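As a plain string of letters, each chain reads:
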Amino acid sequence: MGSVTRRQFGVAAAGTLALSALPRRLRAETGKLKVGLLLPRSGLQALIGQSCQKGADVAPELLKQRLGVDVELMNADTESNVDTARSRAERVIEQGANVLVGAFDSGHTSAIAQVAEQRGVPLVVNVAAAPQITEQGYKFVFRNFPPAPEIGRNGLVLLGDIFREAKVEPKTAVFMHVNDTFGQSMAKGVAALLPKVSLPFKLLDTIPYDPAAKDLNVEVSRAKATNAELLLLVCRLNDAIVLRREMVKQRWSPMGVVSPGSPGLYEEQFSKGLGKYADYCITNTVWFNPKNEITHAFAAAFKKRFPKDEFAFHAINASYTFDALLIAADAFKRAKTTDRKALADAIRQTNIPATDRVTFGGPIKFNAKGQVEGDASMVIQNLKGKPTVVLPKEYSEGKLVFPMPKAG
Amino acid sequence: MPALSHLANAALSGVLTGTVYGLMALGLSAIFGVIRLVNFAHGELMTLAMYVAVVVFQGLALDPFLTMIGAAAAFGALGYVLQRGFINRYVGRPEHSQMLLMIALAMIIGNALLLGFGPDARNVQTSYQLDSFELGPMLLDKVRVYAAGAAVVATALLAAFFRLTLTGKAIRACADNPLGARVAGLPVAHLYAVTFGLGAASVAVAGCAMVPLIDVTPGLGPGYTLLAFVIVILGGLGSMVGALLGGVVIGVSEALAGVLIAPSAKSMVSFGLLVLILLARPQGLMGATRR
Amino acid sequence: MTLMAGKLIGAPGQRRRRALIGGVAVIALTLPFIASSYVLSVVTLALYLAYVGQAWNVMMGFAGQLSLGHSLYVGLGAYASAGLFFHYGIGPWAGVWLAVVLCAGAGAFIGFLAFRMRVSGVQLSLLTVAFAELARIGFDHIERLGGPGGLFLRVADRSRIDLLGFRGPPAMYYYAILALVAGALGLCSFLLHRRAGYYWRAIREDEVAAASLGIDVFRWKMRAVVLSSAMTAVAGVFFAFYYNSLFPEQIFSFGRSIEIVLGPVIGGVGTLVGPIVGAGAVVLLGDGTTEILNRLGFDVPGAKQVVHGLLLLLVTIYMPNGLWPPLARALGFGPRKV
């Protein structure tokens, strides 16, 4: 769907007027899309869930403007707990949700997917990285977010781009990764890919660490002891902060701290907590497309609604959640009905051009498994306390700095 | 095989980290060891103390190590009132009853913190936060050294209190023989409340020492509660020095395990140690042998 | 601690009791037909908690040992059966045997360590926690079972009932867990009226006195622990095939162990019906709070947990023996003092 032309808008307006003259029951059937939004807004994943929610809050108004579609959000809190996720999914379906969006955590998303499949309600996954979610042969589950191995692969390939752009190549590297769901699948992807992708460095050591570790002294000293020139890091926010601090305390300044696609380094608390030491850290990750007009509109709406929040810090969570709602709204517009099966079929036929989505990638098209392919990563570097797109060149908002200047 | 200096540095870091853990467990050793209260809200109290330190830092630009004193006093008073006014009724109750009470409290505190502060991590930024002392080839994190210092001082103070002052001795009497203490006319409720207050004060000190090291989020509680219980059992119930020692043992063994085995499995070491201690020496390293 | 015997007090009491039980049974059996999918999922969750609570209660109520690491058995049972299914296609009806044997073994091991070494009270509770944590971290490192990335079971078509593979619509799972709860209730009731029950009660009241009467305390405590862990294993199998994805961080977590304990403690430790009533209350309080907060338009994350905690606090303060004893008295079941 492109932007709404005047003629289309006029038709839609006339149609809406006509519809509003209809008896209430009929109007309710075709007027509004009720979206059950399942996010972890409390519990351990509260930070991410609330970030996703912000992207969603901005969506209905924007979608009404651009698509002429009425979207009603039914917010539900999964409480970072799989039992709650499942019962909340059942609840919103019972309350009339036509489509579900959620849920960030792969375990919760898997449970919700089963409910969705069983009840025949389409689920559009906003963020969740476990590959298995779209490997189950579901007919009602769709995901516009790359599985972790793909993110890892894209991230590794981009390393080559970084070295080419900076005209510097590290000869050795050490790989540290958090030992949780995401970290482990990334690590597997990296391990499988490193021999295939031609990267100039030799991997000296792989150091997994406990996500709940309160102290990463030993891990960092082990990494430092390898004397590697590059630190490849797969982390989460809390451990990224502890780890970077530890690096400074141990006076270890490698050429670069690069993540092939995990959260943490580009997040707000990382920059706030580490100040100048957060700068120059790089993450190769999915992101919003800074050149698309819809992205500008989204960012503007976000800024207006949440003036105290820097949009770049919510880039991934908010953008992917918005795009999930965009997909739902777009399908609704084409299906012209809230019938769940018709909606699912419409979603399956989605074809949103690359220029009309907030997140970066090719056209939004679902393959036979319900997965969107071609969501690419970009090189995001913390510059002046803000995550900035530096590569690919045509999208860059700032200049790549590599190697990292020595801190302090 | 990693270099000796590497091992030594790891071990030394482990000692420092361990003393901070021990500091955190001090309070529980007093509360659990003396009152026998299964304080499942211990971690949440510590999280609360960390938030207090952050708020004071942001509002008054006061270094957490200075805030410690005020926080200790405040938490001490709060602890006294809480125990005397409310928790005291639960002291004799069966363990699962106490546990449920404290779990409910933990839930309330933890989620109230989420409501009040939001899920964002908060931290303090002191000027020396990322500095290290150099000791030959080894680097020692300044904050950890200060925290370890605070831990040793606090342990010494508490140990001295329990061993040398009259109130302290009375409290130990209560711990050894609650019925006898009552018969002897000791004001047990008051003494328990003092103990809880002291426990809470230690938690406050620990929180202030911890916050320059770790950002505080509302969900930190349960992890710390578990760690505190492990240290207290390891070190011996009711022994202040035991708590410190237990913390150091955990810190060092985790550090060494991290260097020699896989860092992601280093927590298994603490639990493995716990199992060993429970089977081999259930009263803990410094605990007195009980019947 | 009184045990609910359910014996008659007088003819009208018996009629009322029968009517009540009959009414509950009718509702339970017809629930999938009369309630919405949401209610069914919530009740299924409550029954699951009730079942694990009953299993836990065997160890606590009968042997007097407070286990805070029961998630160990749930996880072991889940991974055992899921692993067999994932790698060899062996269905849950066979897999459950491996699960039970493994958990019984683990329970026996822990029990042996605990009772032979005279570990009791809070130390024992912490021992159980330690083993659960060891399992959590350990399973995080077992690649063959998915590691931290999780073990995902292939989900077939859920509209048909495939009893052999334990796949089907939610109603099937509901009846399965209902049967488990009823079975556990029957089993515990049966045991309590046998020699086993008297020995266990004696041991719980006064271990030394029981021993002096010639009861082999060690053996009976071991039996309670092994039974408890074996029962919990079945819950693990149910969990694996109901949710179809397992993560060590979640299934072995301390939080899950606490969750298992909440039901019986609120309902009444050591009572037959306590865990069921308690589990129902916990779930009702939880979901009920969410519903009320939603109705009031109070969309604040974290508010529900605070209210939930407050309600738990109130129950602890005003009903220290749990909900069931006063409820039983009110309903006319009249606790029989043992």
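Computed from a predicted structure; not experimentally measured. (Residues numbered from 1 in each chain as written. Chains lettered and ligands numbered in written order. Predicted model: local features only at pLDDT ≥ 70, side-chain atom pairs only at ≥ 80, totals over all residues.)

*Asks:* Can you break down the overall build of chain C residue by residue, with the values?
*Replies:* The secondary structure content of chain C amounts to 14 helices and two strands. Relative to the globule expectation of 20 Å for 338 residues, the C-alpha radius of gyration of chain C, 20 Å, shows essentially globular dimensions. Taken along the three principal axes of its C-alpha coordinates, chain C extends 55 × 50 × 40 Å. Burial status across chain C gives 53% buried among its 338 residues. Partitioning the contacts of chain C with sequence separation of at least 6, the portion at a separation of at least 24 is 75%. (Helix = DSSP H or I, 4+ residues; strand = E, 2+ residues; numbered from the N terminus. Rg over C-alpha atoms; globule rule 2.2 N^0.38 Å. Buried ≥ 20, exposed ≤ 12 C-beta atoms within 10 Å, placed from the backbone. Contact = placed C-beta atoms within 7 Å.)

*Asks:* Describe the pairing of strand E8 (residues 230-234) of chain A, with residues and values.
*Replies:* Residue and element names in this part refer to chain A. Counting buried positions along E8 gives five out of five residues, so the element sits mostly inside the fold. Burial along E8 is two-sided: the face carrying Leu-230, Leu-232 and Val-234 and the face carrying Leu-231 and Leu-233 are both buried. Examined bridge by bridge, E8 and strand E9 (residues 256-259) share three bridges and lie parallel to one another. Looking at the pairing, Leu-231 lines up with Val-257 of E9. In this region the chain leaves E8, passes through helix H9 (residues 237-249) and returns to the parallel neighbour E9; the handedness of that crossover is right-handed. (Pairing = 2+ DSSP bridges. Right-handed = clockwise from strand over helix to strand, strands pointing away.)

*Asks:* Which residues make up the interface of chain B and chain A, and what are the values?
*Replies:* Counting residues at the interface gives 28 residues for chain B and 30 residues for chain A. Looking at the side of chain B that touches chain A, the elements that each hand over two or more residues are helix H1 (4-35), strand E2 (138-141), helix H10 (240-260) and helix H11 (266-280) of chain B. Sort the elements by how many residues they give to the side of chain B that touches chain A and H1(B) lands first, with five residues. Of the residues contributing to the side of chain B that touches chain A, the split by class is twelve nonpolar, twelve polar and four charged. (Nonpolar A, V, L, I, M, F, W, Y, C, P; charged D, E, K, R; others polar.)

*Asks:* For the interface of chain C and chain B, give the residues involved together with the corresponding values.
*Replies:* Of the residues lining the interface, 33 residues belong to chain C; the matching set on chain B comes to 30 residues. Secondary structure elements with two or more residues in the side of chain C that touches chain B: helix H5 (121-140), helix H11 (254-267) and helix H13 (303-318) of chain C. The dominant element in the side of chain C that touches chain B, judged by the number of residues it contributes, is H5(C), at eleven residues. Residue composition of the side of chain C that touches chain B, by class: 22 nonpolar, ten polar and one charged.

*Asks:* Any chance you could break down the sheet that holds strand E10 (residues 282-285) of chain A for me, citing the residues and the numbers?
*Replies:* Residue and element names in this part refer to chain A. A sheet is described by the order of its strands in space; here seven strands give the open sequence E7-E6-E8-E9-E10-E11-E12, paired in mixed fashion. Of all strands in the sheet, those bounded by a partner on one side alone are strand E7 (202-209) and strand E12 (386-391). Direction aside, neighbouring strands of the sheet carry axes that sit 25 degrees apart on average. Each of strand E6 (172-178), E7 and E8 touches helix H8 (residues 217-225); the most contacted strand, E7, lies at about 175 degrees to it. (Axes fitted to C-alpha atoms, helices over the stretch in contact; angles between N-to-C directions.)

*Asks:* Pulling in residues and values, what's your account of the confidence of the model for chain B?
*Replies:* As a general rule, the predicted coordinates of low-pLDDT regions are not to be interpreted in detail. Across chain B, the average pLDDT comes to 86, with 98% of residues at 70 or higher. Taking the mean pLDDT of every element in chain B, the minimum, 81, falls on E2(B) and the maximum, 92, on helix H2 (residues 42-60) of chain B. (pLDDT = per-residue confidence, 0-100.)

*Asks:* Could you give an account of the packing of H1(B) against helix H8 (residues 188-210) of chain B, with specific residues and numbers?
*Replies:* Residue and element names in this part refer to chain B. Orientation of H1 relative to H8, taken along the N-to-C sense of each, is 170 degrees, at an axis distance of 8 Å. Relative to H8, H1 is oriented roughly antiparallel. Judged by the twist between their axes, the crossing of H1 over H8 is left-handed. Seen from H1, the contacting residues are Val-20, Leu-23, Met-24, Leu-26, Gly-27, Leu-28, Ala-30, Ile-31, Val-34 and Ile-35; seen from H8, they are Tyr-192, Thr-195, Phe-196, Leu-198, Gly-199, Ala-200, Ser-202, Val-203, Val-205, Ala-206, Ala-209 and Met-210. Across the contact of H1 with H8, the residue classes break down as 18 nonpolar, four polar and no charged. (Parallel < 35°, antiparallel > 145°, perpendicular 65-115°, else oblique. Left-handed = near helix turned anticlockwise from the far one by under 90°.)

*Asks:* Describe in detail the sheet that holds strand E5 (residues 141-143) of chain A, supporting the description with residues and values.
*Replies:* Residues and elements named next belong to chain A. One open sheet holds the five strands; their spatial order is E2-E1-E3-E4-E5, and the pairing between them is parallel. Of all strands in the sheet, those with a lone pairing partner are strand E2 (70-77) and E5, marking the two edges. The sheet shows a mean angle of 25 degrees between the axes of neighbouring strands, taken without regard to direction. Bridge analysis of strand E3 (residues 99-102) against strand E4 (residues 123-125) gives three bridges, and the strand direction is parallel. Looking at the pairing, Val-101 lines up with Val-124 of E4. Across the face of the sheet, helix H3 (residues 46-67) comes into contact with strand E1 (32-39) and E2 while running at roughly 165 degrees to E2. Packed onto the sheet, helix H12 (residues 315-335) meets E1, E2, E3 and E4 and runs at close to 155 degrees relative to E1.

*Asks:* Quick one: what's the story with helix H6 (residues 170-192) of chain C, residue by residue and with numbers?
*Replies:* With 23 residues, H6(C) extends 33 Å from end C-alpha to end C-alpha; this agrees with the ideal 33 Å at 1.5 Å per step. What H6(C) keeps buried is the set C:Pro170, C:Tyr173, C:Ile177, C:Leu180, C:Val181, C:Ala184 and C:Cys188. Buried positions along H6(C) lie against helix H5 (106-119) of chain A together with helix H2 (37-63), helix H9 (217-243) and helix H12 (274-295) of chain C. (Expected span 1.5 Å × (residues − 1).)

*Asks:* Tell me about the pairing of E1(A), residues and numbers included.
*Replies:* Residues and elements named next belong to chain A. For E1, the tally of buried residues reaches seven of eight residues, placing the bulk of the element in the interior. Note: E1 against E2, eight bridges, orientation parallel. From the neighbouring strand, Lys-34 faces E2, where its bridge partner is Glu-72. Each parallel crossover has a hand, and the one from E1 via H3 to E2 is right-handed. Taken together, the four bridges between E1 and E3 define a ladder with parallel strand orientation. Residue pairing in the sheet places Val-35 in a bridge with Val-99 of E3.

*Asks:* I'd like a description of the environment of C:Val96, backed by residues and values.
*Replies:* Residues and elements named next belong to chain C. Of note, Val-96 is situated in helix H4 (residues 92-116). Taking the C-alpha atoms as reference points, Val-96 and Val-237, 141 residues apart in sequence, are found 6.3 Å from one another. When residues no more than four places from it in sequence are discounted, the contact partners of Val-96 are Ser-81, Val-234 and Val-237.

*Asks:* Would you mind going over the environment of A:Pro40 in detail, with residue names and values included?
*Replies:* Relative to the helices and strands, A:Pro40 resides in the loop between E1 and H3. Contact partners of A:Pro40, with chain neighbours within four places excluded, come to A:Gln45, A:Ala46, A:Ile48, A:Gly49, A:Thr78, A:Glu79, A:Ser80, A:Phe104 and A:Asp105.

*Asks:* Could you give an account of the nonpolar core, naming the residues involved and the relevant values?
*Replies:* Within the largest apolar cluster, 356 residues are counted, with the highest numbers of intra-cluster contacts made by A:Leu325, A:Ala328 and B:Ala49. Here this core gets 19 residues from one element, more than from any other, and that element is H2(C). No fewer than three residues from each of domain 1 (6-146 + 289-374) and domain 2 (149-285 + 379-395) of chain A sit in this core. In this structure, A:Leu325 is in contact with A:Val35, A:Ala56, A:Ala59, A:Leu63, A:Val71 and A:Val101, ignoring residues within four places of it in sequence. (Core = buried A, V, L, I, M, F, W, Y, C linked by C-beta atoms within 7 Å. Domains from an automatic or database assignment.)

*Asks:* Before we move on, can you summarise helix H4 (residues 95-117) of chain B with the specific residues and values?
*Replies:* Taking 1.5 Å of rise per residue, the 23 residues of H4(B) would be expected to cover 33 Å, and the 32 Å separating its terminal C-alpha atoms lies within 8% of that figure. Once H4(B) finishes, B:Gly118 follows within two positions and takes phi at roughly 80 degrees, a positive value.

*Asks:* Describe the packing of helix H3 (residues 71-88) of chain C against H9(C), and please don't skip the residues or the numbers.
*Replies:* All names here are of chain C. The interhelical angle for the contact between H3 and H9, taken along N-to-C directions, is 55 degrees, at an axis separation of 7 Å. Considered as vectors, H3 and H9 are oriented oblique to each other. Here the hand of the crossing between H3 and H9 comes out right-handed. Along its contact with H3, which presents Tyr-73, Val-74, Gly-75, Leu-76, Gly-77, Ala-78, Ser-81 and Ala-82, the element H9 presents Ser-229, Thr-232, Ala-233, Val-234, Ala-235, Gly-236, Val-237, Phe-239 and Ala-240. When the residues that make up the contact of H3 with H9 are grouped by side-chain class, the tally is eleven nonpolar, six polar and no charged.

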